[in-house]
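Remarks on the overall topology
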Amino acid sequence: MKTNIKEWGLPVDRMFLVAGPCSAESEEQVVSTARALARGGVSFMRAGIWKPRTRPGSFEGVGEAGLEWMVKAREATGLKIGTEVADPSHVEACLTHNLDILWVGARTSTNPFSMQAIADALQGVDIPVLVKNPMSADVGLWIGAIERLANAGLTRLGAIHRGFSSKLEMRYRNAPNWKAPIELMRRMPDIPMLCDPSHICGRRDLIPAIAQEALDLLFDGLMLEVHLDPDHALSDAAQQLTPACFFELIATLNLPHEQGGDSAFAQSLSALREEVDDLDERLLKLLSERMDIVRKMGELKVAQNVSTFQPHRWQEIVRDRVRKGTALDLSEHVVMEIMQSIHEEAIRQQEIRRVNGVE
Ligand code: PEP
Ligand code: MN
């Protein structure tokens, strides 16, 4: 776990853990949920007050009254409290109620104007803020949202991976697409990264596997939606856990370390890593050779006014490489992704020559 998140002034036990209902629904619900969660390990209790709903007419949150209920829950249990803000008026209301932490939702981090307005409202305020990924897997936009807050002087900033909207993803509500948060961790290594399995999964039964996968990928913690009576929740009913299920899940999760293991492990790992380094070098050389040939083909095509893209040939390549790759125990998905990247670059290389003229 990144040590900086432990210095945010919020309790951190095995991981940074956020739990609470999707939405605050009543004072009784918020306070009772806090009591159920107060038995330990929770860094702050979440509850949505202003709910960004896809269509009007659904439950859009209880508004500022919910902040009063959260403050009462904090007084009753000592739990820290946080909610989602989407505009400067939300920020102002949260600061008035002295919330311990804020987060920005996926629909808001998608919009740089909204992010800048929130950053301006937070200028000079020292409060931790978590930024959920934008709706689409645009890591630059996610980083930009965090940078706007950093430029406003905020120092306790974290990210939440809640998956990406995708019409292709059937299993999950929001595609996990782990390579996006991994890329954010590479480019912003000091920003703590949480995972929100509730919004990725959209249904309870898928949550444990995604939560464990996040921890295996060295995420710093989890945000989980917890409701006293999930089936009757006013929003996101299918994905909320009861407090009992939540505590059971947390207890069963395994937390691996980045470093460690005995010396035999270290030796074996480093020998295998050398093999991987060597193979990667060979792969890169092969790719470079392949691009040389692609460029020659491009020149031939230009000379004969033949199109860069050859749909029939491409179909044939995909069929052939998927067949050969799967016979070698590679997944169809990975073969497709690799071939598509190579093909995209091949087209780019040939087009550069067509547009600029071949030297
Ligand atoms: C939420 O946390 O309840 C929420 C609205 O999430 P997201 O912004 O990830 O959709
Ligand atoms: Mn929700």
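Not measured: the values here are computed from a predicted model.

Remarks on the site of ligand 1
Ligand 1 sits among 13 residues. The nearest are Arg46, Lys51, Ala106, Lys132 and Arg162. Residue lysine 51 places a side-chain N or O atom 2.8 Å away from an oxygen atom belonging to ligand 1. A distance of 2.6 Å separates an oxygen atom of ligand 1 from a polar side-chain atom of arginine 162.

With respect to the coordination of the manganese ion (ligand 2)
Looking at the metal site, the manganese ion (ligand 2) is ligated by Cys22 (SG), His199 (NE2), Glu225 (OE) and Asp236 (OD), spaced 2.1 to 2.4 Å from it. Along the chain, the residues donating to the manganese ion (ligand 2) fall in the pattern C-x176-H-x25-E-x10-D. Here the residue histidine 199 occupies a position in helix H8 (residues 197-201), and aspartate 236 occupies one in the loop between strand E8 (221-225) and helix H10 (243-252), the gap between them amounting to 37 residues. Aspartate 236 shares its class with histidine 199; the two are buried.

As for the packing of aromatic side chains
Going through the model one piece at a time under the given rule, you end up with 4 aromatic pairs. Ring centres of phenylalanine 246 and phenylalanine 247 lie 5.0 Å apart, and the angle between their planes is 65 degrees; on these two criteria the pair is classed as edge-to-face. By relative accessible area, phenylalanine 246 is classed as buried at 0%. Each residue in the set Trp8, Phe16 and Phe44 is aromatic and connected to the rest through ring pairs, giving one cluster. The aromatic ring of phenylalanine 247 is capped on one face by arginine 39, whose charged end is 4.0 Å from the ring centroid.

Let's talk about the pattern of salt bridges
Side-chain pairing between opposite charges can occur once the charged atoms of the two side chains come close. Taken as a whole and assessed by the stated rule, the structure comprises 20 salt bridges. A salt bridge links aspartate 231 to arginine 204; the nearest nitrogen and oxygen atoms lie 2.9 Å apart. One end of the pair, aspartate 231, is in the loop between E8 and H10; the other, arginine 204, is in the loop between H8 and helix H9 (207-216), with 27 residues separating them in the sequence. Assessed through its relative accessible area of 56%, aspartate 231 is described here as exposed. Close ionic contact of arginine 321 with aspartate 320 constitutes a salt bridge, the shortest N to O distance being 2.6 Å. The buried category is assigned to aspartate 320, whose relative accessible area is 16%.

Reading the values: the criteria
- Residues numbered from 1 in each chain as written.
- Chains lettered and ligands numbered in written order.
- Predicted model: local features only at pLDDT ≥ 70, side-chain atom pairs only at ≥ 80, totals over all residues.
- Heavy atoms only, no water.
- Near = heavy atom within 4 Å.
- Polar contact = N/O pair within 3.5 Å; in protein donor to acceptor, adjacent residues only side chain to side chain.
- Donors = N, O, S within 2.8 Å, 3.2 Å for Na, K, Ca; no water.
- Helix = DSSP H or I, 4+ residues; strand = E, 2+ residues; numbered from the N terminus.
- Buried < 20%, exposed > 50% of the residue type's maximum accessible area, 1.4 Å probe, protein only.
- Phe/Tyr/Trp six-rings, centres within 6.5 Å; stacked < 30°, edge-to-face > 60°.
- Lys NZ or Arg CZ within 6 Å of the ring centre and 35° of its normal.
- Salt bridge = Lys/Arg side-chain N within 4 Å of Asp/Glu carboxyl O.

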